[in-house]
Amino acid sequence: MSNIRLRTKFLLSLLAISAGLTAATLLIVSYSVQNRVRESIREELRNSVDTYKSFEKQREDTLTRSAELIANLPNVRALMTTEDAATIQDASADVYRLSGSDLLVLANRAGTVAGLRTSTSGLDRGTAQELLRHSLDSGESRDWWFGGGRLYEVWIQPIYFGAPSQNTTIGLLVVGHEVDERAARDFSNIASSEVAFHFGDVPVAGTLTAAQQTQLASQLAGNSRNLSGTQREVQLGAERYIVATVRLSPEGGPAVSLSVLKSLDKETSFLSGLNHGLMGLGLLSVLAGSGLVFLISHTFTRPLSSLVSGVRALEKGDFNYPLESSGGDEVTEVTAAFVRMRAHMEKSQDEQRQLQERLRQAHKMEAVGRLAGGVAHDFNNLLTIIRGNSDLLIDREGSDNFHRRCVEQIQKAAGRAVSMTRQLLAFSRMQVLQPRVIELNTIVMEMGKMLPRLIGEHIEFAFLPDPKLASVKADPGQIEQVILNLAVNARDAMPNGGNLTVTTSNILMDESEAGRRPPMTPGQYVLLSVKDTGLGMDEATITHIFEPFFTTKEIGKGTGLGLATVYGVVKQSGGFIWVISSPGKGTTFEIYLPQAYGPVSKPDLETKPSVIPSGSETILVVEDEAGVRELACQFLRVKGYTVLEAQDGHEALEIAARHSGTIHLLLSDMVMPKMNGGELAGRLKAIRPKIRVAFMSGYSEFSRGEMGNQFPHTPVLQKPFSPATLVGIVREALTESATDQSTETMESRVT
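Residues numbered from 1 in each chain as written. Predicted model: local features only at pLDDT ≥ 70, side-chain atom pairs only at ≥ 80, totals over all residues. Heavy atoms only, no water.

Asker: How should the pairing of strand β8 (residues 231–236) be read in this particular structure?
Answerer: Within a regular strand, side chains alternate between the sheet's two faces. Across 6 bridges, the pairing between β8 and strand β9 (residues 239–247) is antiparallel. Note on β9: the bridge partner recorded for Gln231 is Ala244. Where β8 folds back on β9, the antiparallel hairpin that results is connected by 2 residues, among which Gly237 adopts a positive phi of roughly 70 degrees. (Pairing = 2+ DSSP bridges. Helix = DSSP H or I, 4+ residues; strand = E, 2+ residues; numbered from the N terminus.)

Pasting the structure below:
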């Protein structure tokens, strides 16, 4: 009985796991595919609506011109001068055939209908007279008429006796085209969708059945005057549709609308077959697994102690843990079954990882960059706290060597984290740059002094500059980082040695050449080319190389941020980067930077004082991150400043209103909830004109240009910061007058 119970447990467990995995897979696949189908349908509906609007505009122009031509015909003018209704009605047949329209109305100068012609019955003279009067009262030359159950789009054209400039009107010409089932079918064929026209809440024409049009009208009832073009999902009978409705008539007039529909059920019908196939495979797997467990369950005659270590390793994700058996046949079979099960699980996880990879590739790199920038921004706040508190610990008196070494290790780790966050910010194009006009040849030549030592003696380095190379505008430090990252990447691609060649040249990109390399635009560029003779890359690898954390190197030998940083710096500098590579034929990175004009900037000489003076002024610190705020306040209090704390802009304004003394400086974070730093500074300046301002920022989401013209030269403290950089920038902001501030953005960093 014990063997049967064990077998039953195995069978039930296998059934539950397999059924759960199959159901989860079906739900995930169905949900994902349905969402994609919905988005595709919504995009098609938007395109269909845009197509109809374009078609309607073209038809309006054409028919307006046609109405003008017909109204100016001599026979039409002569006919209207008779002012005899019977004559006009009889002669209107020829004008009606000439117009090619579905509706023709001729009226005298007072707006009285004298002649009426329609392609179908239903619109009588009295109704036409009432509709014409309404259009004339509203002053519309293009209008919608609904009468006798039929909808017409009409154009009203005055008939002048002489030239139109004389404004001598002898009558009115109305031509109209009926919106009927034929027009609905024609547009349905163009849009590959179901369409329905409504007058108010009344269905007029469409490609749906009468019952479906009635259901659609009831579900859209009440919205005829509030149509924004938004899309919604409706149920018509047993079928689901996504519908986009747009108003065709102007506000204040008859509520004429067009609804374009796509069947969601038809578009997702293939899911049924897919679900059946997956269910069949799942059932087959369950039956096969159950049969296998049933056949080998009789061998479980003694404890499986030899598999305990293997099971625990499998729980930790180790699929290669070596298994040993005691030598008995029964244990060997159990071990073999476990190995097969483990291999099956590993295969399933590999398939799941491949699916996740395909889903990840569907996202845009720009979205990944935004995410990376946001993470780096938040991580900068944490690094500020870590670095600041480690600075306090290492400067504490009485620390022994052991604790000092521990703190130093914390600082080194934090320094590496700072470097990684800057690489993320570079990829996401949110780093704070200091662009200037530079000579690219000079940067490369200076880097060439250290590159041979970096790449090794087994690689031959060559630099081929263009002696007449134009200048570019970029951050020289970031350009050096680009060259360094590309050199390291080339070195790793040439483990057995090779050639690394860097060239510069001026490039005139014409329209045809730029068209072959979208999104480049025509213009004059400086080309920086880095070419190696390494292993090269295939097309699949090239599509991923600029993504953060993607690397082909072994684990522990690369973070996958090098080329992502290169991509971000080039894009933020207004340039473009292209990769030319194939397996076994090396790789060439081509960087195109726009040419710049003006004098070349000289590097600023940094003079940092050895001792930062203390102060006694009052400083208002505003920071929504509690740890960063407390740390900054502690740094300032140690240097003798009086510190007021606020967690957001509203609290800062309240503190400033209550404080009776002088507030010498506002030190505020740029990005805060409710009120950003720039807005806070402006409001404080209004009530305390003499207050100085300095900002803190983890990235350049609120860049210098976005802070406006009110604070063009305000110092910016880059997070994470050290006590010295914080107190130093506060001192500079307090001692430097507004008229003497540098025209360049001041930035402090921890290196």
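Asker: Just to check I follow, could you spell out the pattern of salt bridges for this structure?
Answerer: Oppositely charged side chains can form a pair if their charged atoms are brought close together. Under the criterion given, the structure shown has 13 salt bridges. Across the pair Arg182 and Asp186 runs a salt bridge, and its minimum N-O distance is 3.8 Å. Residue Arg182 and its partner Asp186 are located together in helix α5 (residues 181–191), separated by 4 residues, close to a single helical turn. You can call Arg182 partly exposed: its relative accessible area is 45%. Among the ionic pairs, Arg637 bridges to Glu645, the shortest N-O distance being 3.0 Å. Residue class for Arg637 comes out partly exposed when judged on its relative accessible area of 41%. What makes Glu645 partly exposed here is its relative accessible area of 29%. What emerges from the salt-bridge pattern is a single network uniting Arg629, Arg637 and Glu645. (Salt bridge = Lys/Arg side-chain N within 4 Å of Asp/Glu carboxyl O. Buried < 20%, exposed > 50% of the residue type's maximum accessible area, 1.4 Å probe, protein only.)

Asker: What's the story with the side chain of Asp102 in this structure? I'm lost.
Answerer: Take Asp102: it is sitting in the loop between α3 (85–99) and β1 (103–108). The buried charged residue Asp102 lacks any salt bridge, with Arg182 as its nearest oppositely charged partner at 4.5 Å. Leave out the neighbours within four places in its chain, and Asp102 touches Tyr96, Arg117, Thr118, Ser119, Tyr152, Gly176, His177, Glu178 and Arg182. (Lys, Arg positive; Asp, Glu negative; His and termini not counted. Contact = heavy atoms within 4.5 Å.)

Asker: Is there a simple way to explain the packing of helix α13 (residues 440–448) against helix α15 (residues 476–493) in this structure?
Answerer: For any two helices packed against each other, the geometry is given by the interaxial angle and the distance between the axes. Closest axis-to-axis distance for the α13/α15 pair is 10 Å, and the angle between their directions is 55 degrees. In terms of axis orientation, α13 runs oblique to α15. Here the hand of the crossing between α13 and α15 comes out right-handed. Along the contact surface, α13 presents Leu440, Ile443, Val444 and Met447, while α15 presents Pro476, Ile479, Glu480, Ile483 and Leu484. Taken together, the residues of the contact of α13 with α15 break down into 8 nonpolar, no polar and 1 charged. (Axes fitted to C-alpha atoms, helices over the stretch in contact; angles between N-to-C directions. Parallel < 35°, antiparallel > 145°, perpendicular 65-115°, else oblique. Left-handed = near helix turned anticlockwise from the far one by under 90°. Nonpolar A, V, L, I, M, F, W, Y, C, P; charged D, E, K, R; others polar.)

Asker: Before we go on, may I ask you to explain the pairing of strand β18 (residues 618–622) in this structure?
Answerer: The element β18 is largely enclosed, with a buried count of 5 among its 5 residues. In β18, alternate side chains face the same way, and those of Thr618, Leu620 and Val622 on one face and Ile619 and Val621 on the other are all buried. Note that β18 and strand β19 (residues 642–646) share 5 bridges and pair parallel. Bridge pairing links Leu620 to Leu644 in β19. With helix α19 (residues 626–638) bridging β18 and the parallel β19, this β-α-β connection has right-handed handedness. The sheet contact formed by β18 and strand β20 (residues 665–669) spans 4 bridges and is parallel. (Right-handed = clockwise from strand over helix to strand, strands pointing away.)

Asker: When you look at the packing of helix α20 (residues 649–658) against helix α21 (residues 677–687) in this model, what are you seeing that I'm missing?
Answerer: Here α20 crosses α21 at 15 degrees, and the two axes come no closer than 10 Å. Comparing their axes, α21 and α20 come out roughly parallel. For the crossing formed where α20 meets α21, the hand is right-handed. Facing α20, whose interface residues are Gly649, Ala652, Leu653 and Ala656, α21 presents Leu680, Arg683, Leu684 and Ile687. Its residues placed into classes, the contact of α20 with α21 shows 6 nonpolar, 1 polar and 1 charged.

Asker: Please explain α15 as it appears in this structure.
Answerer: Residues spaced three or four apart along an α-helix face the same direction, because each turn holds 3.6 residues. The terminal C-alpha atoms of α15 lie 26 Å apart, and with 18 residues this matches the ideal 26 Å at 1.5 Å per residue to within 8%. Turning to α15, its buried residues are Pro476, Gln478, Ile479, Val482, Ile483, Asn485, Leu486, Ala487, Ala490 and Ala493. (Expected span 1.5 Å × (residues − 1).)

Asker: Is there a simple way to explain the sheet that holds strand β5 (residues 169–178) in this structure?
Answerer: Adjacent strands of a sheet form backbone hydrogen bonds with each other and so pair up, either parallel or antiparallel. Taken together, the 5 strands give an open sheet; going across it, the order is β2-β1-β5-β4-β3, and neighbouring strands pair in antiparallel fashion. Of all the strands in the sheet, the pair left with one neighbour each is β2 (113–118) and β3 (142–147). Neighbouring strand axes in the sheet, compared pairwise and without regard to direction, differ in orientation by 25 degrees on average. Sitting on the sheet, α3 is in contact with β1, β2 and β5, with an inclination near 40 degrees to β2.

Asker: Would you take a moment to explain unusual backbone geometry for this structure?
Answerer: For Glu83, which is not glycine, the phi dihedral falls at a positive 55 degrees. Of note, Glu83 is situated in the loop between α2 (74–82) and α3. With a phi close to 75 degrees, Lys674 is a non-glycine residue in the positive phi region. Summarising the element assignment, Lys674 is placed in the loop between β20 and α21. For Lys674, a relative accessible area of 68% corresponds to the exposed category.

Asker: What exactly am I supposed to notice about the sheet that holds strand β6 (residues 194–199) here?
Answerer: A sheet is described by the order of its strands in space; here 5 strands give the open sequence β7-β6-β10-β9-β8, paired in antiparallel fashion. Each of the sheet's edge strands pairs with one partner strand only, and the pair in question is β7 (202–206) and β8. For this sheet, the mean angle separating the axes of adjacent strands, direction not counted, is 35 degrees. Sitting on the sheet, helix α6 (residues 210–220) is in contact with β6, β7, β8, β9 and β10 (256–263), with an inclination near 135 degrees to β8.

Asker: Could you clarify how one ought to interpret the packing of aromatic side chains in this entry?
Answerer: Any two aromatic rings considered together are summarised by their centre-to-centre distance and by the angle between their planes. Tallied over the full model, the rule gives 3 aromatic pairs. Measuring from centroid to centroid gives 4.6 Å for Phe146 and Phe199, while their planes differ by 10 degrees, and the two rings are stacked. One end of the pair, Phe146, is in strand β3; the other, Phe199, is in strand β6, with 53 residues separating them in the sequence. With a centroid separation of 6.3 Å and an interplanar angle of 85 degrees, the aromatic rings of Tyr525 and Tyr592 are classed as edge-to-face. Of the two residues, Tyr525 is situated in strand β15 (residues 523–532) and Tyr592 in strand β17 (residues 587–596); the sequence distance between them amounts to 67 residues. The class of Tyr525 is buried, set by a relative accessible area of 4%. (Phe/Tyr/Trp six-rings, centres within 6.5 Å; stacked < 30°, edge-to-face > 60°.)

Asker: What's the story with helix α4 (residues 125–138) in this structure? I'm lost.
Answerer: With 14 residues, α4 should cover 20 Å at 1.5 Å per step; its first-to-last C-alpha distance of 20 Å lies within 8% of that length. Within the sequence span of α4, burial applies to Ala128, Leu131, Leu132 and Ser135. For α4, the buried positions fall inside an angular range of 100 degrees around the axis, keeping them on one side. Among the exposed residues of α4, those oriented more than 90 degrees off its buried face are Glu130 and Asp137. Of the surrounding secondary structure, the elements contacted by the buried residues of α4 are β1, β2, β3, β4 (150–160) and β5. At the C-terminal side of α4, Gly139 shows a positive phi close to 75 degrees. (Arc of directions from axis to C-beta.)

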